[in-house]
Amino acid sequence: GIKCYVIERSPLDSIMLEPDGIFKESLIWDTFNEEITVSNSVLKIGEKEIVKMQNNPQGFRPLRVEENPEMVKLKKTGKSIFFLPMDNVLWTAWEQKEHPMRPVDNPLFESPLEAIQELAKYIESLNGILVIKKHPADLFMDKITLPESVVYLDGDLNHIFEHCDVVITFLTKLAFNAVAVGKPVVTLGPNPVA
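Just so it is clear, the model here is predicted, and its values are computed rather than measured.

Peer 1: So what exactly am I meant to see when it comes to the overall build of the protein chain here?
Peer 2: Scanning the protein chain from terminus to terminus reveals seven helices and seven strands. From first element to last, N terminus to C terminus, the protein chain shows the α and β order β-β-α-α-α-β-α-α-β-β-α-β-α-β. Counting the 194 residues in the protein chain, one finds 39% classified as buried. Across the protein chain, every contact between residues at least 6 apart in sequence was considered, and the portion connecting residues at least 24 apart equals 58%.

Dropping the structure here:
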């Protein structure tokens, strides 16, 4: 008799309730048959956030932009820069081979390393540069050897977005930020942005 909701932390400084979105495979929707309703107050929060986004030309929260010398140097090469902000691969089940959501979350690649290697090869064939930023909570990137052509970078996201040409994502919510600042976004997982 207790109502339950799946609350997703949202890039809109708000919350999203999405029974039909990224959580649709969850057992919750099958286990609890009672119709899930969204209160008017939650809808009003969402409407307020949409207005806030429309009035904010920077998209989302304005961040300080710190110049990253490595990124500026890459831009001067004249090559196209493809930016891949990594997911926390532990939470998206990539590190857990037996996890049932692994092929659902990441249908195209067996592992994050395979994804990076394939992307690097393809982007190199386009005379581009693949730039990777690891997820702040993830230790996976410290354990792998990246292909030589890949640039591993950390730093201010706004600055990286400003200088890159294309943003590639799996499930990460940074896809929303990339769309907000007008960058072309390629999603390789069932990202809501897709």
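More follows now that the structure is in view.
Peer 1: Would you mind going over the side chain of K183 with me for this structure?
Peer 2: With respect to the helices, strands and loops of the structure, K183 is situated in the loop between α7 (174-180) and β7 (185-187). Despite its burial, K183 pairs with no opposite charge, the nearest such side chain being D165 at 5.7 Å. Within the structure, the side chain of K183 is placed 2.7 Å from the backbone oxygen of C164, a separation counted as a polar contact.

Peer 1: In this structure, what is going on with the nonpolar core? I would like to understand it.
Peer 2: The tendency in soluble globular proteins is for nonpolar side chains to be buried as a group. By size, the foremost hydrophobic cluster in this structure holds 21 residues, and its most contacted members are L84, M86, I116, L130 and F170. If you list the elements that add at least two residues to this core, you get β3 (80-85), α5 (112-125), β4 (128-133) and β6 (166-169). Examining the composition of this core, we find that five residues originate from one element, α5, more than from any other.

Peer 1: Just to check I follow, could you spell out the pattern of salt bridges for this structure?
Peer 2: In total, this model carries five salt bridges according to the counting rule given. One salt bridge connects K73 with E70, and the closest N-O pair in it is separated by 3.8 Å. With K73 and E70 both in helix α3 (residues 69-75), this residue pair falls three residues apart, about one helical turn. Residue classification places E70 among the partly exposed residues on the basis of a relative accessible area of 30%. Note that K133 is salt-bridged to D154, the shortest N-O span being 2.4 Å. Residue K133 is located in strand β4, and its partner D154 is located in the loop between β5 (151-152) and α6 (157-163); the two are separated by 21 residues in the primary sequence.

Peer 1: Is there a simple way to explain the pairing of β6 in this structure?
Peer 2: Regular strands place their side chains on alternate faces of the sheet. Judged by which residues are buried, β6 turns out to be covered on both faces: V166 and I168 on one side and V167 and T169 on the other are all buried. The pairing of β6 with β7 spans three bridges and is parallel. Note that in β7 the partner of V167 across the bridge is V185. In terms of handedness, the path from β6 via α7 over to β7 forms a crossover that is right-handed.

Peer 1: Would you mind showing me how to read the pairing of β3 here?
Peer 2: Most of β3 sits out of view: five of its six residues are buried. The sheet contact formed by β3 and β4 spans six bridges and is parallel. What sits directly across from S80, in β4, is G128. Two elements, β3 and β6, share two bridges in a ladder whose sense is parallel. By the bridge assignment, F83 is partnered in β6 with V167.

Peer 1: Which parts of the structure should I look at to understand the sheet that holds β5?
Peer 2: Spatial strand order, β5-β4-β3-β6-β7: five strands in an open sheet with parallel pairing. The open sheet has two edge strands, β5 and β7, and neither has a second partner. Sheet strands in contact with α5 are β3, β4 and β6, and its direction is about 150° off that of β4.

Peer 1: Just to check I follow, could you spell out the packing of aromatic side chains for this structure?
Peer 2: When we look at a pair of aromatic rings, we describe it by the centre distance and by the angle of the planes. Taken as a whole and assessed by the stated rule, the structure comprises two aromatic pairs. Both rings, one in F83 and one in F161, keep their centres 5.8 Å apart while their planes meet at 80°; by these two values the pair is edge-to-face. Here the residue F83 occupies a position in strand β3, and F161 occupies one in helix α6, the gap between them amounting to 78 residues. Of the two residues examined, F83 and F161, each falls in the buried class. Measuring from centroid to centroid gives 6.5 Å for F109 and F170, while their planes differ by 85°, and the two rings are edge-to-face. On the criterion of sequence distance, the pair formed by F109 in the loop between α4 (102-105) and α5 and F170 in the loop between β6 and α7 is long-range, its members being 61 residues apart. Of the two residues, F109 and F170, neither departs from the other in class, the shared state being buried.

Rules used throughout
- Residues numbered from 1 in each chain as written.
- Predicted model: local features only at pLDDT ≥ 70, side-chain atom pairs only at ≥ 80, totals over all residues.
- Heavy atoms only, no water.
- Helix = DSSP H or I, 4+ residues; strand = E, 2+ residues; numbered from the N terminus.
- Buried < 20%, exposed > 50% of the residue type's maximum accessible area, 1.4 Å probe, protein only.
- Contact = heavy atoms within 4.5 Å.
- Lys, Arg positive; Asp, Glu negative; His and termini not counted.
- Salt bridge = Lys/Arg side-chain N within 4 Å of Asp/Glu carboxyl O.
- Polar contact = N/O pair within 3.5 Å; in protein donor to acceptor, adjacent residues only side chain to side chain.
- Core = buried A, V, L, I, M, F, W, Y, C linked by side-chain atoms within 4.5 Å.
- Pairing = 2+ DSSP bridges.
- Right-handed = clockwise from strand over helix to strand, strands pointing away.
- Axes fitted to C-alpha atoms, helices over the stretch in contact; angles between N-to-C directions.
- Phe/Tyr/Trp six-rings, centres within 6.5 Å; stacked < 30°, edge-to-face > 60°.

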